[in-house]
Amino acid sequence: MQFLHVFGSQPRNLTGTMRQPVLALIAALDNQRLIGARGELPWHLPEDLKLFRQLTVGNTVVMGRKTFDALGSPLPGRHNIVLSRTLDDRPEVTLCRTFSQALAASRQIGRPVFFIGGASVYRKALEIVDEMHISWIAGDHRGDTWFPEVDFSHWRVVEERDFEGFRYVRYRRKP
Ligand SMILES: NC(=O)c1ccc[n+]([C@@H]2O[C@H](COP(=O)([O-])OP(=O)(O)OC[C@H]3O[C@@H](n4cnc5c(N)ncnc54)[C@H](OP(=O)(O)O)[C@@H]3O)[C@@H](O)[C@H]2O)c1
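In this text, all values refer to a predicted model and were calculated from it rather than measured experimentally.

**Regarding the overall build of the chain**
1) Next: Summing up its helical and strand segments, the chain has five helices and 10 strands in all.
2) Next: In the chain, which comprises 175 residues, the share counted as buried stands at 33%.
3) Next: If you take every contact in the chain between residues at least 6 apart in sequence, the share linking residues at least 24 apart comes to 67%.

Written out as structure tokens, the structure reads:
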């Protein structure tokens, strides 16, 4: 599989059993929870894309087919898992037909897992992730795809950073 040579052997804990990788989602949304417009991002924020790269590189990314279409090619330096019932197998990504298949494949890889959208993938990921990396985008935007509703009382803020045009907030699920 692509990038396995970069990752080497899978991490094990002291008892020799497989460690479960951290599961996270990463998304950029405005204050209406908008995430997409006509298959693309509704904004152009290079700093946010840079942050996305820093956080995800070397790890596993799981995405829906439409997000993969929007990217145009696999994200370099990351193990790419694409969810689709319609795409044909292709060597450069791990194609999964169901969410549980994608979860099993990403756990097998053993690296931190980032669910990177779109809306349908976020909806499923919200049920299981330990962390959310959210870029809160400033301003009013137009579009057609929204992040699911989240009850933030179940999440605590563990990191906040201000950037030009957005605020990055990392949330951890409360026990
Ligand atoms: N702001 C952000 O952070 C962010 C992040 C990512 C994406 N986006 C934006 O969001 C939009 C795309 O999101 P979207 O919700 O329309 O599409 P999406 O989630 O990227 O892709 C939906 C497709 O993924 C496949 N899929 C999803 N769940 C599946 C499952 N459980 N099992 C099998 N296949 C599954 C299906 O593909 P098939 O039809 O092939 O079966 C489905 O049609 C774009 O505008 C994109 O730019 C924004």
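**Notes on the environment of threonine 94**
1) Next: Tracing the sequence through the fold places threonine 94 in strand E5 (residues 94-96).
2) Next: C-beta crowding within 10 Å serves as the criterion here: with 22 such atoms nearby, threonine 94 is assigned to the buried category.
3) Next: The spacing of threonine 94 and histidine 79 is 15 residues in sequence and 8.0 Å in space, taken between C-alpha atoms.

**Overview of the site of the ligand**
1) Next: Around the ligand, a shell composed of 30 residues is seen, among which Gly36, Gly64, Thr67, Gly117 and Gly118 lie nearest.
2) Next: Classifying every residue of the shell around the ligand by side-chain character gives 13 nonpolar, 11 polar and six charged.

**A closer look at the pairing of strand E9 (residues 155-163)**
1) Next: Of all nine residues making up E9, only zero are buried, and the element is barely covered by its neighbours.
2) Next: Connecting E9 to the next strand, strand E10 (residues 166-173), in antiparallel fashion are two residues, including glycine 165 with a positive phi near 90°.

**Some thoughts on unusual backbone geometry**
Glycine aside, negative phi is the norm for most residues, and most peptide bonds take the trans geometry.
1) Next: In this chain, glycine 117 is followed by glycine 118 through a cis amide linkage whose omega measures 0°.
2) Next: Its location among the elements puts glycine 118 in the loop between strand E6 (113-115) and helix H5 (119-125).
3) Next: If you check the backbone angles, arginine 38 has positive phi at about 45° while not being a glycine.
4) Next: Note on placement: arginine 38 falls in the loop between strand E2 (34-36) and helix H2 (46-56).
5) Next: Residue arginine 38 is classed as exposed on the basis of its C-beta count, with 10 C-beta atoms lying within 10 Å.

**Observations concerning the pairing of strand E7 (residues 131-137)**
Every other side chain in a regular strand lies on the same face of the sheet, so the side chains alternate between the two faces.
1) Next: A large share of E7 lies buried, amounting to five of its seven residues.
2) Next: The pairing of E7 with E10 spans seven bridges and is classified as antiparallel. Following the sheet pairing, histidine 133 is matched in E10 by arginine 170.

**As for the sheet that holds E10**
1) Next: Sheet architecture is open: eight strands sit in the order E5-E4-E3-E6-E1-E7-E10-E9, paired in mixed fashion. Two strands in the sheet have a free side with no partner beyond their single neighbour: E5 and E9. Here the average twist between neighbouring strands, direction ignored, is 20°.
2) Next: Here strand E1 (residues 23-30) pairs with E7 via seven bridges, running parallel. Residue pairing in the sheet places aspartate 30 in a bridge with isoleucine 137 of E7.
3) Next: Across the sheet, H2 lies against E1, strand E3 (60-64), E6, E7, E9 and E10, angled at about 175° from E1, the strand it touches most.
4) Next: Relative to the sheet, helix H4 (residues 99-109) contacts E3, strand E4 (79-83), E5 and E6, its axis offset from that of E4 by approximately 170°.

**A few points about the nonpolar core**
1) Next: Ranked by internal contacts, the top residues of the largest apolar core, which has 35 residues, are Ala24, Leu25, Ala27, Leu29, Val62, Phe114 and Phe115.
2) Next: Only E1, E2, E3, E4, E6, H5, E7 and E10 provide two or more residues apiece to this core.
3) Next: Ranked by residue count, the leading element in this core is E1, at seven residues.
4) Next: Ignoring anything within four residues of it in the chain, the contact list for alanine 27 reads Ile35, Gly117, Tyr122, Ile134 and Phe147.

**Some thoughts on the environment of serine 100**
1) Next: Looking at the element boundaries, serine 100 is found in helix H4.
2) Next: For the pair serine 100 and lysine 124, spaced 24 residues apart in sequence, the C-alpha to C-alpha distance is 9.7 Å.

**Remarks on the environment of histidine 141**
1) Next: Along the chain, histidine 141 falls in the loop between E7 and strand E8 (145-146).
2) Next: Along the backbone, histidine 141 and aspartate 30 are 111 residues apart, and their C-alpha atoms lie at a distance of 7.5 Å.
3) Next: Not counting the four nearest positions on each side in its chain, histidine 141 is found in contact with Asp30, Leu34, Pro42 and Trp43.

Each value, and the rule that gives it
Note that residues are indexed from 1 along each chain, following the sequence as it is written. Two thresholds apply to this predicted model, a pLDDT of at least 70 for residue-level local features and 80 or more for giving and counting side-chain atom pairs, whereas whole-chain, interface and lining totals are computed over all residues. Numbering of helices and strands runs from the N terminus; a helix is a DSSP stretch of H or I covering at least four residues, while a strand is a stretch of E covering at least two. Burial is judged by counting other C-beta atoms within 10 Å of a residue's own C-beta: 20 or more means buried, 12 or fewer means exposed, and anything between counts as partly exposed, with every C-beta placed from the backbone. A pair of residues counts as a contact when their C-beta atoms, built from backbone coordinates, are separated by no more than 7 Å. We count a residue as near a molecule or strand when its backbone-placed C-beta atom lies within 6 Å of that partner. Residue type decides the class: Asp, Glu, Lys and Arg count as charged, Ala, Val, Leu, Ile, Met, Phe, Trp, Tyr, Cys and Pro as nonpolar, and the leftover types, Gly among them, as polar. Between any two strands, at least two bridges found by DSSP are needed for them to pair. To get an axis, fit a line to the C-alpha atoms, keeping to the stretch in contact for a helix; angles then go from 0 to 180 degrees between the N-to-C directions. Think of a nonpolar core as buried Ala, Val, Leu, Ile, Met, Phe, Trp, Tyr and Cys residues chained together by C-beta atoms that fall within 7 Å.

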